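# Structure assessment
Spelled out, the chains give:
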Amino acid sequence: MQDQYGRKITYMRISVTDRCNLRCRYCMPEDIERLPREDLLTFDELVCVAELAAKHGIRAVKLTGGEPLVRRNIWELVAALKAVDGIEQVTMTTNGVLFSEYADALLDAGLDAVNISLDTLRPDRFLQITGSDAWEAAWNGLQAALRKNIPVKINCVLQSQINQDEWKDLAELARNLPVAVRFIEMMPIGAGADYEAVSEAWLREQLSEVFGELTPVKVAGNGPAAYVKPAGFVGSIGFISALHGPFCTHCNRLRLTSIGELKPCLCYRERIPLRGALRAGDLAQVEGRIVQAIRQKPKGHCFSDRAAVTEQRQMAQIGG
């Protein structure tokens, strides 16, 4: 289905929980208010939404959180979504800490690819950023994904004066590994608004000086990343630059929060509730609201004007 600006909406990010086993300062600060467990959509309810969304053109689903792997038996949801008529791909974004433990179950369920968030290669900085000493577990999760030959993308958020100086070491992961290392500009949502984004232009300049020509390449995926490959690299380097390289003209996504709210756009507070209608068994109303969310997508976000950003919740509450 197309929205009012002619964009084909084919991709839904589904948050399965607001919980996480890390406390990344820009996503889940310590004082975050947790949602009541009974408010979270059940697996059956999430699958029902996916079935109705698939009728209107959703073809790819990404499971997010919080941290999706803290949701018990998450592989059962993966398998159920893979069985939905019209859904062609089910992927996941995770911090990797539990991935090595659950990799076999997830692959058996049909998981197509994984994005692993890793902002630093230094255990001491990992503790500083995440509040946890689980760097080794996260690294083992990445290695497990590579051993299983699952397509891997590594998500890195550079923070000025914290890990900005690691851009080269993080990019180097793609030299010998079949991964896409993606540098994501910090978005001014929730606690992230307190941090300065490291711009794509600055990063490209540094990368070019060290690695030479950055040849544009295509990498399979459903999101807005632009990819390059320096000479001699096995993998690629990607950029997701909401502030300095807006991609709204070809945005193809909806977001479903863990409590059943559809968000047409990340930076605005507008959300369309589905849970009440779901639990009342009014699937016609649920389907109508999915169509409404697609038609209601705004032309673009307003991250460049922070005063205009109306979404005040933390990323973990929305779905990262």
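So, a few notes on the structure that sits alongside this text. No experiment lies behind these values; they were computed from the predicted model shown. (Residues numbered from 1 in each chain as written. Predicted model: local features only at pLDDT ≥ 70, side-chain atom pairs only at ≥ 80, totals over all residues. Heavy atoms only, no water.)

### Quick look at the packing of aromatic side chains
- One pass over the full model with this rule turns up four aromatic pairs.
- Aromatic side chains Trp-135 and Trp-139 sit 5.5 Å apart centroid to centroid with 10° between the ring planes, which places their arrangement in the stacked category. Highlighted residues: Trp-135 and Trp-139, both in helix α5 (residues 135–147), separated by four residues, approximately one helical turn.
- Taking relative accessible area as the criterion, Trp-135 reaches 15% and is therefore assigned buried.
- Seen from their ring centres, Trp-167 and Trp-202 are 6.5 Å apart, and the 85° between their planes marks the pair as edge-to-face. Taken together, the residues Trp-167 in helix α6 (residues 167–176) and Trp-202 in helix α7 (residues 200–211) connect sequence positions 35 residues apart. (Phe/Tyr/Trp six-rings, centres within 6.5 Å; stacked < 30°, edge-to-face > 60°. Helix = DSSP H or I, 4+ residues; strand = E, 2+ residues; numbered from the N terminus. Buried < 20%, exposed > 50% of the residue type's maximum accessible area, 1.4 Å probe, protein only.)

### Here's the deal with the pairing of strand β1 (residues 11–15)
- Along β1, five of the five residues are buried, which leaves the element largely enclosed by surrounding structure.
- Residues Tyr-11, Arg-13 and Ser-15 line one face of β1 and the alternating positions Met-12 and Ile-14 line the opposite face, and both faces are buried.
- Inspection of the sheet shows β1 paired to strand β2 (residues 60–64) by five bridges, in the parallel sense. Looking across to β2, one finds that Arg-13 is bridged to Lys-62.
- By the bridge criterion, four bridges tie β1 to strand β10 (residues 253–256) in an arrangement that is parallel. In the sheet register, Met-12 faces β10, and the bridge partner there is Leu-254. (Pairing = 2+ DSSP bridges.)

### As for the pattern of salt bridges
- A full pass over the atoms with the stated rule returns 14 salt bridges.
- Note that Asp-39 is salt-bridged to Arg-275, the shortest N-O span being 4.0 Å. Pair noted here: Asp-39 is in the loop between β1 and α1 (43–54) and Arg-275 is in helix α8 (residues 275–279), with a separation of 236 residues, a long-range link.
- Given the relative accessible area of 24%, Asp-39 is considered partly exposed.
- Between Glu-166 and Arg-125 there is a salt bridge, with the nearest N and O atoms lying 3.2 Å from each other. On the criterion of sequence distance, the pair formed by Glu-166 in the loop between β5 (152–156) and α6 and Arg-125 in helix α4 (residues 123–130) is long-range, its members being 41 residues apart. No difference in accessibility class separates Glu-166 from Arg-125, as the two residues are buried. (Salt bridge = Lys/Arg side-chain N within 4 Å of Asp/Glu carboxyl O.)

### Concerning the sheet that holds strand β12 (residues 272–273)
- The 12 strands are arranged β7-β8-β9-β6-β5-β4-β3-β2-β1-β10-β11-β12 in an open sheet whose pairing can be described as mixed. In the strand order of this sheet, the two ends are held by β7 (214–217) and β12, each with one partner.
- Across five bridges, β5 lies against strand β6 (residues 179–184) in parallel orientation. Of the residues in β6, the one forming a bridge with Lys-153 is Ala-180.

### A closer look at α7
- Along its 12 residues, α7 runs 16 Å from first to last C-alpha, staying within 8% of the 16 Å computed at 1.5 Å per residue.
- Considered for burial, the residues of α7 that qualify are Glu-200, Leu-203, Gln-206, Leu-207 and Phe-211. Down the axis of α7, the sector holding all buried residues measures 130°, keeping them to one side. What points out from α7, more than 90 degrees from its buried face, is the exposed set Ala-201 and Glu-209.
- Positive phi appears at Gly-212, one or two residues downstream of α7, with a value of about 85°. (Expected span 1.5 Å × (residues − 1). Arc of directions from axis to C-beta.)

On their own, these measurements won't tell you what the molecule is for.
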